[in-house]
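Inside the fold
For reference, the chains in residue letters:
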Amino acid sequence: MQGNLPPEAQEKIEELQDLQETAQQVAAQKQQAETQLTESETALDELDDVDEDTTMYREVGELLVKTGYGEAREDLEEKVESLEVRVDTLEKQEERVQEQFEDLQQELQQMLGGGGGGGGPMGPGAGD
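Calculation criteria
- Residues numbered from 1 in each chain as written.
- Predicted model: local features only at pLDDT ≥ 70, side-chain atom pairs only at ≥ 80, totals over all residues.
- Heavy atoms only, no water.
- Helix = DSSP H or I, 4+ residues; strand = E, 2+ residues; numbered from the N terminus.
- Contact = heavy atoms within 4.5 Å.
- Areas by Shrake-Rupley, 256 points an atom, 1.4 Å probe, with all protein chains shown as cover.
- Axes fitted to C-alpha atoms, helices over the stretch in contact; angles between N-to-C directions.
- Parallel < 35°, antiparallel > 145°, perpendicular 65-115°, else oblique.
- Left-handed = near helix turned anticlockwise from the far one by under 90°.
- Nonpolar A, V, L, I, M, F, W, Y, C, P; charged D, E, K, R; others polar.
- Patch = residues over 30% accessible without salt bridge, like charges linked within 9 Å, V, L, I, M, F, W, Y side chains within 5 Å.
- Salt bridge = Lys/Arg side-chain N within 4 Å of Asp/Glu carboxyl O.
- pLDDT = per-residue confidence, 0-100.
- Pairing = 2+ DSSP bridges.
- Expected span 1.5 Å × (residues − 1).
- Buried < 20%, exposed > 50% of the residue type's maximum accessible area, 1.4 Å probe, protein only.

**Quick word on the overall build of the chain**
Along its length, the chain carries two helices and two strands. Here the contacts in the chain between residues at least 6 apart in sequence split such that 66% fall between residues at least 24 apart. Of the accessible surface of the chain, which amounts to about 9000 Å², a share of 44% is contributed by carbon and sulfur atoms.

**Details of the packing of helix 1 (residues 7-47) against helix 2 (residues 69-111)**
A packed helix pair is summarised by two numbers, namely the angle formed by the two axes and the spacing between the axes. Relative orientation of the contacting elements helix 1 and helix 2 amounts to 160°, with a least axis distance of 7 Å. Considering the angle they form, helix 1 stands roughly antiparallel to helix 2. Where helix 1 crosses over helix 2, the two elements pack in a sense that is left-handed. Its residues assigned to classes, the contact of helix 1 with helix 2 comprises 24 nonpolar, eight polar and 14 charged.

**Here we look at a nonpolar patch on the surface**
There is a patch of nonpolar side chains on the surface, built from Val60, Leu63 and Val65 and spanning about 230 Å² of accessible area. With respect to the helices, strands and loops of the structure, Val60 is situated in strand 1 (residues 56-60).

**Some details on the confidence of the model for the chain**
Here the chain averages 87 in pLDDT, and 86% of its residues register 70 or above. Element-level pLDDT for the chain is lowest in strand 1, with a mean of 91, against a maximum mean of 95 in strand 2 (residues 63-67). This model gives residues 118-128 a pLDDT under 50, and the stretch forms 23 contacts once residues within four places in sequence are excluded.

**Let's talk about the pairing of strand 2**
Both strand 1 and strand 2 contribute to a ladder of five bridges, which runs antiparallel. Each bridged residue has a counterpart across the sheet, and for Met56 the counterpart in strand 2 is Thr67. Counting the residues in the hairpin turn of strand 1 and strand 2 gives two residues, including Gly61, whose phi is positive at 65°.

**Thoughts on the side chain of Lys12**
With respect to the secondary-structure elements, Lys12 resides in helix 1. Apart from residues no more than four positions distant in its own chain, Lys12 is found in contact with Leu104, Glu107, Leu108 and Met111.

**Some thoughts on helix 1**
Under the 1.5 Å per step criterion, the end-to-end length of helix 1 is 60 Å for 41 residues, consistent within 8% with the ideal 60 Å. Every buried residue of helix 1 is listed here: Ala9, Lys12, Ile13, Leu16, Leu19, Val26, Lys30, Ala33, Leu37, Ser40, Leu44 and Leu47. Along its buried surface, helix 1 packs onto strand 1 and helix 2.

Right under this line is the structure:
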């Protein structure tokens, strides 16, 4: 890939770079959602060991606000459900980006006359 590349090949390389950046952003968002999901599931599990009459508080911005057991459980259950959907959506998006990356990489290899298989020169994310 040295020398002057055809404009089409240069465009494909730029698209690959954009996809790689997108993949990194999606992976970071997924990691954050997974962390929040784990924390929420842990909190929900802890509620099983708490007496329903226990005084409870939830964080609202910079404040702690008194809340009831039922409300706390309901809020956490909704949060867990929402985060599960978010993680699932991000996993699907991650798969789509990976497929697009692999397709584009193959197109570029064919365009440059190298029909060889394998990982290729594009590096990270090329063969999860």
